[in-house]
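Examination of the molecular architecture
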Amino acid sequence: MSSLHRLPSPAPRADATSLLIALRDAVPGIAAEAATLDVDGAFPEAGLDALRNIGLLAAPLPPALGGAGFGTTPKNATSLATALRLVGRASLPLGRLFEGHVNALRLVLLHGSPAQAEAAARDARQGRFFGVWNTDGFGEPPLALAGGVLRGRKILCSGAGWVDRALVTARDDPEAPPQMLLVELAPGERADLSPWRAQGMRASATGAVDFTGLSADLIGQKGDYLRQPDFSGGAWRFAAVQCGGVEAVLGLLRAHLNHTGRGGDPHQAARLGQAAMAAETARLWVDSAAERAEAVSPPPDTVAYVNLARLAVERAALDVLELAQRSIGLQAFMRPNPIERVARDLATYLRQPAPDRALVGAAAHVLEAKAEPGDLWG
Ligand SMILES: Cc1cc2nc3c(=O)[nH]c(=O)nc-3n(C[C@H](O)[C@H](O)[C@H](O)COP(=O)(O)OP(=O)(O)OC[C@H]3O[C@@H](n4cnc5c(N)ncnc54)[C@H](O)[C@@H]3O)c2cc1C
């Protein structure tokens, strides 16, 4: 673990345009690191340092707190969507980690007290890394809060052992809605990465974290974590990272066809065209969902719209994976061809909570709506 992780360097202030230019410059280095980290327990340390040095860890803060306001208005939402796509295109594990950082900051800013928001903003400006850990072990009691002290653990915690500030959900009553807490963690503390033996996303340091005996700051009220439209509406951010993965596969498919001189074959050309359509469909859904979810007053159909967006991106990703694997053939399944790793990362990261519920909920909205189909999302 680098000393930089322990003593993060302050992030420079920058506007959205210069942040995105700096990120585009950093993408080749992030992608090069990702290619070397396809092993259990790995973590994209240099990639995170790059985001930190560019100022992206502070970018989701509003300008008044020293950030670029990424994701805080419809206009800035597309800047954040672009950043999430670019990071995801270079490294899906780093994209997942950055998405969690953005989500945690957003929840503290939205639901924390002014002093908690100030403290989180200061930490982010200093380069501290945040995460959101909500998943309780299947068949285990959920993380419990008794007398201000935590008991139990969370599973599927990305950045376990690396996150400096973890936003977790816990319950003081199994029947009551969860309470958010912000926990300060030291590097390497309480993390168990041994259960994460996943097909892809190996370098996301996703593991279990035991919180027993820790106390932490309460953030907001019970139930705030699940408050709509933010809870489901925030899915546009993981969809943006996934969209970056789709673009990575498309880029690798194109490079293969150019390299092999097979791109003029009509079957190959048709598949490349279909893959390009799917990737652009995903990007358009993501940008549109981001603008809607980050409106000053998100419209009432936001949850339904974002649910469709996340599933449209999933569909596009599955289609592009199939098209690329068919076009490239066996080489797409052979290490060290980068598409072998990126495809595993993308297929794994596509698994997000309750896709059936998202589709059925959106369908119920369409069923009940009075507007003509073309005006449904006016
Ligand atoms: C790389 C990676 C990193 C992650 N990092 C984090 C993290 O940092 N923090 C965190 O909190 N979580 C994290 N997660 C967990 C993530 O948020 C989801 O909880 C997890 O991916 C859910 O996947 P699943 O396919 O098991 O979902 P499920 O929701 O279990 O879905 C599986 C299938 O079951 C269906 N289904 C769901 N519920 C029901 C039901 N009640 N009855 C019948 N069918 C049902 C679904 O529609 C779907 O078809 C991470 C996951 C990944 C892949």
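Residues numbered from 1 in each chain as written. Predicted model: local features only at pLDDT ≥ 70, side-chain atom pairs only at ≥ 80, totals over all residues. Heavy atoms only, no water.

1. Looking at the sheet that holds strand S6 (residues 179-184)
Strand order in this open sheet of four strands is S1-S5-S6-S9, and the pairing throughout is mixed. Of all the strands in the sheet, just strand S1 (130-133) and strand S9 (217-219) have a single pairing partner and so form its edges. Across the sheet, the mean angle from the axis of one strand to that of its neighbour is 30°, orientation sign disregarded. Those strands touched by helix H5 (residues 92-111) are S1, strand S5 (165-170), S6 and S9, and its axis lies near 85° from that of S1. (Pairing = 2+ DSSP bridges. Helix = DSSP H or I, 4+ residues; strand = E, 2+ residues; numbered from the N terminus. Axes fitted to C-alpha atoms, helices over the stretch in contact; angles between N-to-C directions. Contact = heavy atoms within 4.5 Å.)

2. Examining the site of the ligand
In the vicinity of the ligand there are 18 residues, among which Leu156, Ser158, Arg351, Ala354 and Asp356 approach most closely. In the model, an oxygen atom of the ligand is placed 2.8 Å from a nitrogen or oxygen of the Ala354 main chain. The protein chains hide 59% of the 970 Å² of surface that the ligand would expose on its own. Mapped onto the shell around the ligand, the elements with two or more residues apiece are S1, strand S4 (153-157) and helix H12 (355-368). For the shell around the ligand, the class distribution of residues is nine nonpolar, six polar and three charged. Shared between two domains, the shell around the ligand holds at least three residues of each, these being domain 2 (132-221) and domain 3 (230-375). (Near = heavy atom within 4 Å. Polar contact = N/O pair within 3.5 Å; in protein donor to acceptor, adjacent residues only side chain to side chain. Areas by Shrake-Rupley, 256 points an atom, 1.4 Å probe, with all protein chains shown as cover. Nonpolar A, V, L, I, M, F, W, Y, C, P; charged D, E, K, R; others polar. Domains from an automatic or database assignment.)

3. Considerations on unusual backbone geometry
Note that the residue after Gln228, namely Pro229, is joined by a cis bond; omega there is 5°. Note that Pro229 resides in the loop between S9 and helix H7 (230-233). Backbone torsion omega between Arg335 and Pro336 reads 5°, so that peptide bond is classified as cis. The residue Pro336 is located in the loop between helix H10 (302-328) and helix H11 (338-349) in this model. Its identity as a non-glycine residue notwithstanding, Leu156 has a phi of 55°, on the positive side. With respect to the helices and strands, Leu156 occurs in strand S4. Here the phi dihedral of Ala354 falls at roughly 45°; this positive angle occurs in a residue that is not glycine.

4. Side note on the pairing of S1
Side chains Phe130 and Val132 of S1 all project onto a buried face; the interleaved residues Gly131 and Trp133 project onto the opposite face, where all are buried too. In terms of strand pairing, S1 meets S5 through four bridges, oriented parallel. When the bridges of S5 are listed, Phe130 appears paired with Arg165. (Buried < 20%, exposed > 50% of the residue type's maximum accessible area, 1.4 Å probe, protein only.)

5. Side note on the environment of Ala35
Residue placement: Ala35 occurs in helix H2 (residues 16-36). Ala35 sits in the partly exposed class, given a relative accessible area of 48%. When the C-alpha positions of Ala35 and Thr212 are compared, they lie 36 Å apart, and in sequence the two are 177 residues distant.

6. What about the sheet that holds S4?
Pairing in this open sheet of three strands is antiparallel, and the strands run S4-S8-S7 from one edge to the other. Edge strands, defined here as strands with exactly one partner in the open sheet, are S4 and strand S7 (191-192). Pairing of S7 with strand S8 (residues 207-210), which is carried by two bridges, proceeds in the antiparallel orientation. Residue Ala191 lies in a different strand from S8, and its bridge partner there is Val209.

7. A word on the packing of H5 against H11
Contact geometry for H5 and H11: axes closest at 9 Å, N-to-C directions at 35°. Every residue of H11 that contacts H5 at Leu92, Pro93, Arg96 and Glu99 is listed here: Val342, Asp345, Leu346 and Tyr349. Counted by class, the contact of H5 with H11 contains five nonpolar, no polar and three charged residues.

8. Some words on the pattern of salt bridges
Taken as a whole and judged by the stated rule, the model has 25 salt bridges. Where Arg292 meets Asp301, a salt bridge forms, and the shortest distance between an N and an O atom there is 2.8 Å. As far as burial versus exposure is concerned, Arg292 and Asp301 are alike and both buried. The salt bridge partner of Asp319 is Arg315, with a shortest N-O separation of 3.0 Å. On the criterion of helical spacing, the pair formed by Asp319 and Arg315 is a turn pair, its members being four residues apart in helix H10. (Salt bridge = Lys/Arg side-chain N within 4 Å of Asp/Glu carboxyl O.)

9. Details of a nonpolar patch on the surface
Where nonpolar side chains cluster on the molecular surface, the patch consists of Leu330, Phe333 and Met334 and spans about 320 Å² of accessible area. Position of Leu330 among the secondary structure elements: in the loop between H10 and H11. Under the relative-accessibility criterion, Leu330 is labelled exposed at 60%. (Patch = residues over 30% accessible without salt bridge, like charges linked within 9 Å, V, L, I, M, F, W, Y side chains within 5 Å.)

10. Re the domain arrangement of the chain
Each domain of the chain was delimited in the assignment, giving domain 1 (3-129), domain 2 (132-221) and domain 3 (230-375). Centre-to-centre separation of domain 1 and domain 3, based on C-alpha positions: 22 Å. It is Arg85, Leu92 and Arg106 in domain 1 that bury the most area against domain 3; as a group they hold 31% of the surface buried on that side. Counting every contact that joins domain 1 to domain 3 gives five salt bridges. Run the count over domain 1 and domain 3 and you get six residue pairs in polar contact (both at pLDDT 80 or more). Breaking the side of domain 1 that touches domain 3 down by element, the ones donating at least two residues are H2, helix H4 (74-90) and H5. (Buried area = accessible area lost by both parts, 1.4 Å probe.)

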